[in-house]
Amino acid sequence: MFRNRRAAAIISSAALVCAGLSITTLETGVAAADSTCAISSHATKNDISTLGITMTYDKTVNSDSVGVGTTVTYKIVIGTTGIGNPYVNTITDYPPAGFAAPTKATITAYHAAVGERTEDVTPEPNAGGWKVTNTGWFVNSGNPVTYTITYPVPTNLSAGQQVTSGGIGVAGTVGVSNELPNLTACFTARGNTIGEDVLGSLGNNGLGSADGQLSSTGSLSTILSDAIRKYIGS
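Residues numbered from 1 in each chain as written. Predicted model: local features only at pLDDT ≥ 70, side-chain atom pairs only at ≥ 80, totals over all residues. Heavy atoms only, no water.

Caption draft 1: Quick look at the packing of aromatic side chains. Across all of its chains, the model carries 4 aromatic pairs by this definition. Here Tyr87 and Phe138 contribute two aromatic rings whose centre-to-centre distance is 5.7 Å and whose plane-to-plane angle is 70°, an arrangement assigned as edge-to-face. Remark: Phe138 occurs in strand β9 (residues 129-138) and Tyr87 occurs in strand β5 (residues 87-93); sequence separation between them is 51 residues. According to the relative accessible area criterion, Tyr87 is partly exposed, its value standing at 37%. Between Phe99 and Tyr151 the ring centres are 6.3 Å apart and the planes differ by 75°, which places this aromatic pair in the edge-to-face class. Of this pair, Phe99 sits in the loop between β5 and β6 (104-111) while Tyr151 is found in strand β10 (residues 145-152), placing the two residues 52 residues apart along the sequence. Members of the aromatic cluster, joined through ring pairs, are Tyr74, Phe99 and Tyr151. A cation over a ring is seen here: Lys59 above Tyr74, with NZ or CZ 5.1 Å from the ring centre. (Phe/Tyr/Trp six-rings, centres within 6.5 Å; stacked < 30°, edge-to-face > 60°. Helix = DSSP H or I, 4+ residues; strand = E, 2+ residues; numbered from the N terminus. Buried < 20%, exposed > 50% of the residue type's maximum accessible area, 1.4 Å probe, protein only. Lys NZ or Arg CZ within 6 Å of the ring centre and 35° of its normal.)

Caption draft 2: Local environment of the environment of Thr103. Among the secondary structure elements, Thr103 is positioned in the loop between β5 and β6. Between the alpha carbons of Thr103 and Ile149 there is a distance of 7.8 Å; along the sequence they are 46 residues apart. What Thr103 contacts, discounting residues up to four positions off in sequence, is Thr150 and Pro152. (Contact = heavy atoms within 4.5 Å.)

Caption draft 3: Structural view of the sheet that holds strand β11 (residues 162-164). Strand order across the open sheet formed by 3 strands is β3-β14-β11, with mixed pairing between neighbours. Edge positions in the open sheet fall to β3 (65-67) and β11, since each of these has one partner strand only. For this sheet, the mean angle separating the axes of adjacent strands, direction not counted, is 40°. (Pairing = 2+ DSSP bridges. Axes fitted to C-alpha atoms, helices over the stretch in contact; angles between N-to-C directions.)

Caption draft 4: Broad picture of the pattern of salt bridges. On inspection of all chains with the given rule, the structure shows 3 salt bridges. One salt bridge connects Asp120 with Lys104, and the closest N-O pair in it is separated by 3.1 Å. A residue pair is termed long-range when its members are at least 10 positions apart, and Asp120 in strand β7 (residues 115-120) and Lys104 in strand β6 qualify at 16 residues. Residue Lys104 is classed as partly exposed on the basis of its relative accessible area, which comes to 44%. (Salt bridge = Lys/Arg side-chain N within 4 Å of Asp/Glu carboxyl O.)

Caption draft 5: Region of the structure containing the pairing of strand β2 (residues 54-61). Counting buried positions along β2 gives 6 out of 8 residues, so the element sits mostly inside the fold. As paired elements, strand β1 (residues 40-45) and β2 share 6 bridges and run antiparallel to each other. Across the sheet, the residue bridging to Lys45 is Met55, located in β2. Where β2 meets strand β4 (residues 71-81), 8 bridges bridge the pair, whose relative direction is antiparallel. Looking across to β4, one finds that Thr60 is bridged to Lys75.

Caption draft 6: Layout of the environment of Ala100. On the secondary structure map, Ala100 appears in the loop between β5 and β6. Residues Ala100 and Pro152 lie 52 residues apart in sequence; the distance between their C-alpha atoms is 6.7 Å. Dropping the residues within four chain positions of it, Ala100 is found in contact with Tyr151 and Pro152.

Caption draft 7: Looking closely at the state of the cysteines. Going through the model one piece at a time under the given rule, you end up with 1 disulfide. Note that Cys37 is cross-linked by a disulfide to Cys186, the S-S spacing being 1.8 Å. Its torsion about the S-S bond being -90°, the disulfide of Cys37 and Cys186 is classed as left-handed. In this pair, Cys37 sits in the loop between α1 (2-19) and β1 while Cys186 sits in strand β14 (residues 186-190), placing the two residues 149 residues apart along the sequence. (Disulfide = S-S within 2.5 Å.)

Caption draft 8: Structural view of unusual backbone geometry. Within the chain, Leu51 stands out as a residue other than glycine whose phi angle is a positive 55°. When you line up the elements, Leu51 lands in the loop between β1 and β2. Notably, Ala113 is not glycine yet its phi reads approximately 70°, a positive angle. Note on placement: Ala113 falls in the loop between β6 and β7.

Here it is, written out as structure tokens:
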């Protein structure tokens, strides 16, 4: 009976995925990370090089718990307080040890006559991290520069395992440049929800959520049947 109810829940979840609706899963993951696993950290710099202003640096992970085999996104924000307009030309993010290359990255920065604008960027390897470069992103008290980067979460993590990232590196005008190895962000790994597993199966078999089209690699019924068998068997 339990297995039948679980299969029905999976079918309902899959139907919602196909319809493009959000899912409220019936399964719960690992409890939220405790106080030793902080999802964000903050640092400042105020010395002779900053010319009387204070530089601010923040790094945040998108969630306190992340499903194994899904993706995780980190956001780095570099800003300033007071009067000043430093320029940032390089930002390096250091992911947790063992993470593969990022799958997506963006920069949000101020552009004259346009304002803040978000653009896709392609990070390059840099001493164990992933850097983006520019001739100079403008920063002032109302316009920070934000680097957002997404990585695949390794499948060999254990549910409940706390995963702490590395820090960041920043280069640019003298006052903004900084190496911050302790500017980290931590999440707790958890098992996937039903919805995440179904979406993962759809994605792996060529059914994108954006276009809703099946590829030649498998039919929707086959994909859903595989997902149902997996959960019933477990």
